[in-house]
Amino acid sequence: MAGRCPPIPLRPTRNVGGLLFITLLHSTLFLFCSSSSIPDCRLSSTGASANSPICASPELSIQDKKSKNTDDASCLKRGFSMLDAEFFNNNKMLEIEKGAKELNIPIIKANRKIVATTNGGLHYPSSLVFNSKWEHEETQDDAKKFSYPSVSGVMRPENEEDIAFMTILELGHLIRTKQVTSEELVRVFLKRLKRYNPVLEAVVTITEDLAYKQAKEADELLAQGIDLGPLHGIPYGLKDIIAVPEYKTTWGSTAFKNQVLDIEAWVYKRLKAAGAVLVGKLVTGSLAYDDIWFGGRTRNPWNIEEFTTGSSAGPAACISAGMVPFAIGSETAGSITYPAARCGVTALRPTFGAVGRTGVMSVSESLDKLGPFCRSAVDCAIVLDVIRGKDPDDRSSRKIFLDDPFSVDITKLTVGYLEDAEMEVVDVLKSKGVKMVAFNLSYSVESAQGILNFTMDVDMLAHFDKWQRSGEDDEYEAQDQWPTELRRTRIIPAVDYIQSQRARGKLIGEVKESFTVDAFVGNATDWEKVCVGNLVGMPVMVVPVGFQKIPDPPTNDTRRRSTVTTGIYAPPDHDHIALALTMAYQTVTNHHKQRPPIDNLGPDDVIPNPPKAMIPPRILKA
């Protein structure tokens with residue numbers, strides 16, 4: 001079918017390693033080695049002088065190869081000492097040199113070609129901005145709140161399973177009409193967290209005592225006639241990079257699995273002030289990289305043989321499985337879009353700066369974003385409305401005066417669609433009166449992925465410098481991820497980092513000029529769009545649009561499915577447009593209301609049915 005997305009590939013969100021460079025280091029090594037006691041150890045592009053005895057031999061014995069590696073490492077160590085990075089052992093230095101040559105030089109050269117051909121710095125300023133203001137006092141958030149749709153006539157279901165999949169507004173109606181208390185809802189969702197977590201591995205900490213305390217307070221306030229808004233008494237979960245006092249904030253990593261931070265994250269404060277009830281700290285991939293964490297690897301409820309992909313693994317899996325009504329995740333480079341798409345849930349990666357990040361583990365100050373995972377776009381709009389605003393301690397956060405998504409007249413919008421857009425979405429929006437046009441987002445920058453990796457990895461290493469220097473990275477859960485990536489980062493020249501930020505500025509300008517529609521529809525997990533969208537800071541809604549058969553099904557009657565999704569992208573500060581369009585689509589479709597087959601995989605499935613414990617490794621399909 002034209003425009004249908006293939007199943008999302010099983011690959012890390014940050015699937016390309018750090019693209020960071022050794023060009024400057026080679027010059028340093030040449031100077032050191034030429035004057036060293038090692039005979040003729042000057043480096044060529046292959047790592048040793050073509051005139052050296054080592055390089056002259058076409059075939060080396062094992063002993064000679066070991067000797068060559070030792071000599072090369074000795075030369076490298078002199079250069080690394082200039083960078084105060086001689087703590088790497090020989091094997092790691094050689095690994096860094098090899099990775100830098102293979103992965104980094106093309107990106108550095110591409111960035112130089114884009115922005116460094118003219119002297120004087122008059123063109124392509126860096127996208128980084130310095131603010132000399134000393135005082136960053138807290139200001140009142142006077143952004144106009146959204147006008148939520150009213151709900152009436154909703155009755156409490158007899159089945160707790162049906163309660164678990166109700167929307168925020170439906171659950172709120174049950175609470176306000178005294179059909180259920182917040183404490184009863186907490187009991188329902190705690191039971192589900194405990195029931196499904198042994199299979200899905202999606203929860204780090206169940207905050208049971210705190211949940212009942214907050215639920216009791218919510219019920220007491222309502223009894224006094226005090227209503228804090230649509231999230232009053234509603235249970236939820238937080239990705240475990242978000243700090244909550246007295247509870248572990250593990251960052252998903254073995255090195256930090258017992259860490260307790262005496263910090264109230266800004267987003268947690270906002271939700272607490274709105275009466276929401278925290279029931280769990282949900283899995284983040286280790287140090288916010290993919291879905292592997294110190295306790296295992298989080299699974300997709302729609303097909304529990306496969307993994308969620310993306311570091312907001314817990315929020316996505318828990319929403320999909322009805323374990324919480326909403327959750328907060330984060331994205332630096334695909335960690336909202338990928339797991340939401342894989343698990344078939346509605347999610348919003350908001351405009352950069354829309355939600356404050358104080359008390360949240362940082363990967364990159366200019367890329368990190370917090371956003372909601374929910375049952376629907378309506379729920380996403382409600383949660384965004386509560387958590388958006390200026391965080392006085394996050395200098396990148398700001399008030400974004402969004403229009404009310406519930407009041408947007410979509411018939412006045414022109415919306416583009418890319419070649420990889422799901423055509424059902426295009427057709428539905430067209431039937432609702434939206435002007436739909438073929439569209440292509442054009443820009444000349446060819447190295448968006450390289451720019452993103454430079455930005456993300458340099459920032460990340462600055463935040464975890466001690467972790468690497470102390471050797472704690474050797475205990476990391478997936479050695480081919482952050483450890484390898486950040487070792488290469490150690491040797492990036494400062495000038496080439498700045499060139500990447502200038503190239504990013506050029507990309508932002510070109511995307512802005514090309515964005516001639518109010519929004520566009522396209523694949524939410526295409527890696528190029530993930531890179532560009534995050535570099536520019538544009539919002540995107542992840543929209544479930546259907547299901548496909550899983551590859552290599554154990555039986556034709558299996559109920560396990562691969563989810564199909566698309567993205568609705570809007571310009572920065574226009575999240576309300578993406579929300580309004582998604583809401584319009586979801587008023588006439590029910591893909592977002594479907595429930596995964598956790599308790600009934602279908603007849604003759606190879607997985608224990610229903611799965612009660614960990615899935616045996618022998619049947620995993622990597």
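Taking an unreviewed UniProt entry as the reference, the protein chain is identified by name as Amidase domain-containing protein belonging to Lactuca virosa.

*Asks:* Give a detailed account of the overall build of the protein chain, specifying residues and quantitative values.
*Replies:* Across its full length, the protein chain holds 20 helices and 15 strands. Every one of the 622 residues in the protein chain was classed for burial, and the buried ones make up 58%. Of the contacts made within the protein chain by residues no fewer than 6 positions apart, 77% connect residues no fewer than 24 positions apart. When the accessible surface of the protein chain is split by element, carbon and sulfur atoms take 52% of a total near 25,200 Å².

*Asks:* Tell me what's going on with the pattern of salt bridges, and back it up with residues and numbers.
*Replies:* Evaluated as defined, the whole model comprises 32 salt bridges. Of the charged contacts, one joins Asp240 and Lys281 as a salt bridge, the two residues approaching to 2.8 Å between their closest N and O atoms. Of this pair, Asp240 sits in the loop between β2 (235-239) and α10 (266-273) while Lys281 sits in strand β3 (residues 277-282), and the two are 41 residues apart along the sequence. The shortest N-O distance in the salt bridge between Arg469 and Asp465 comes to 3.1 Å.

*Asks:* Explain the packing of helix α5 (residues 105-115) against helix α18 (residues 494-514) to me, and be specific about the residues and the numbers.
*Replies:* Any two packed helices are characterised by how steeply their axes cross, that is the angle between the axes, and by the distance between the axes. Taken N-terminus to C-terminus, the directions of α5 and α18 make an angle of 55°; their axes are 9 Å apart at the nearest point. In this view, α5 runs oblique relative to α18, as classed from their interaxial angle. The interaxial crossing formed by α5 with α18 has left-handed handedness. Two secondary-structure elements touch here, α5 through Ile108, Asn111, Arg112, Ile114 and Val115 and α18 through Asp496, Gln499, Ser500, Arg502, Ala503 and Lys506. Residue composition of the contact of α5 with α18, grouped by class: four nonpolar, three polar and four charged.

*Asks:* Go over the pairing of β2, please, and point to the residues and values.
*Replies:* For β2, the buried fraction is high: five of the five residues fall into the buried class. On β2, burial covers both faces: Pro235, Gly237 and Lys239 on one face and Tyr236 and Leu238 on the other are all buried. Of the pairings in the sheet, the one linking β2 to β3 comprises five bridges and is parallel in character. Looking across to β3, one finds that Leu238 is bridged to Lys281. Once you follow β2 into α10 and on to β3, the crossover reads as right-handed. Sheet topology places β2 next to strand β8 (residues 327-331); two bridges connect them, and they run parallel.

*Asks:* A description of the packing of aromatic side chains should follow, citing residues and the corresponding values.
*Replies:* If you walk through the whole model with that rule in mind, you get 17 aromatic pairs. On the basis of an interplanar angle of 85° and a centroid distance of 6.1 Å, the ring pair of Tyr148 and Phe406 is categorised as edge-to-face. Of this pair, Tyr148 sits in the loop between α5 and α6 (160-164) while Phe406 sits in the loop between α13 (377-387) and β11 (414-417); the two residues are 258 residues apart in sequence, bridging distant segments of the chain. A relative accessible area of 26% means that Tyr148 is categorised as partly exposed. Aromatic pair Trp302 and Phe547: ring centres 4.4 Å apart, planes at 40°, arrangement tilted. One end of the pair, Trp302, is in the loop between β6 (299-300) and β7 (303-307); the other, Phe547, is in strand β14 (residues 540-549), and 245 residues separate them in sequence.

*Asks:* Give me the lowdown on the sheet that holds strand β12 (residues 435-438), citing residues and values where you can.
*Replies:* Sheets are built from strands that pair by backbone hydrogen bonding, the pairs being arranged parallel or antiparallel. Strand order across the open sheet formed by 11 strands is β1-β3-β2-β8-β10-β9-β14-β15-β13-β11-β12, with mixed pairing between neighbours. The sheet terminates laterally at β1 (203-206) and β12, the two strands that pair on one side only. With strand direction ignored, the average angle separating the axes of adjacent strands in the sheet is 30°. Its contacts with the sheet put helix α14 (residues 423-431) on β11, β12, β13 (519-522), β14 and β15 (561-569), and the angle it makes with β12 is roughly 140°.

*Asks:* Break down α13 for me, with residues and values.
*Replies:* The element α13 is largely enclosed, with a buried count of 10 among its 11 residues. Among the residues of α13, those classed as buried are Ala377, Asp379, Cys380, Ala381, Ile382, Val383, Leu384, Asp385, Val386 and Ile387. Positive backbone phi, at 130°, marks Gly389, one or two positions downstream of α13.

*Asks:* For the packing of helix α4 (residues 90-103) against α5, give the residues involved together with the corresponding values.
*Replies:* Where α4 meets α5, the closest approach of the two axes is 4 Å, and the angle between their N-to-C directions is 45°. Relative to α5, α4 is oriented oblique. Residues Ala100, Lys101 and Leu103 of α4 pack against Ile105, Pro106 and Ile107 of α5. Looking at the contact of α4 with α5 residue by residue, the class counts come to five nonpolar, no polar and one charged.

*Asks:* With reference to specific residues and values, describe the environment of Leu441.
*Replies:* Its place among the elements puts Leu441 in the loop between β12 and α15 (448-463). Classification of Leu441 by relative accessible area gives buried; the value is 15%. Between the alpha carbons of Leu441 and Val511 there is a distance of 6.9 Å; along the sequence they are 70 residues apart. Those residues in contact with Leu441 that lie beyond four places of it in its chain are Leu418, Val511, Ser514, Phe515, Phe520 and Met538.

*Asks:* Hey, could you go over the nonpolar core for me, with residue numbers and the actual values?
*Replies:* Counting residues in each nonpolar core, the largest one holds 119 residues, and the members touching the most others are Leu231, Leu271, Leu287, Phe326, Ile328, Trp482 and Leu581. By size, the runner-up hydrophobic cluster in this structure holds 34 residues, among which are Tyr196, Ala211, Ile304 and Met323.

*Asks:* Tell me about the confidence of the model for the protein chain, residues and numbers included.
*Replies:* Summarising the model, the protein chain shows a mean pLDDT of 86, and 84% of its residues fall at 70 or more. Here residues 1-57 is modelled with pLDDT under 50, and outside its nearest four sequence neighbours on either side it reaches 150 contacts, counting other chains as well. Throughout residues 616-622 the model reports pLDDT below 50, and contacts reaching past four residues in sequence, or to other chains, amount to 11 contacts.

Criteria and thresholds
Residues numbered from 1 in each chain as written. Predicted model: local features only at pLDDT ≥ 70, side-chain atom pairs only at ≥ 80, totals over all residues. Heavy atoms only, no water. Helix = DSSP H or I, 4+ residues; strand = E, 2+ residues; numbered from the N terminus. Buried < 20%, exposed > 50% of the residue type's maximum accessible area, 1.4 Å probe, protein only. Contact = heavy atoms within 4.5 Å. Areas by Shrake-Rupley, 256 points an atom, 1.4 Å probe, with all protein chains shown as cover. Salt bridge = Lys/Arg side-chain N within 4 Å of Asp/Glu carboxyl O. Axes fitted to C-alpha atoms, helices over the stretch in contact; angles between N-to-C directions. Parallel < 35°, antiparallel > 145°, perpendicular 65-115°, else oblique. Left-handed = near helix turned anticlockwise from the far one by under 90°. Nonpolar A, V, L, I, M, F, W, Y, C, P; charged D, E, K, R; others polar. Pairing = 2+ DSSP bridges. Right-handed = clockwise from strand over helix to strand, strands pointing away. Phe/Tyr/Trp six-rings, centres within 6.5 Å; stacked < 30°, edge-to-face > 60°. Core = buried A, V, L, I, M, F, W, Y, C linked by side-chain atoms within 4.5 Å. pLDDT = per-residue confidence, 0-100.

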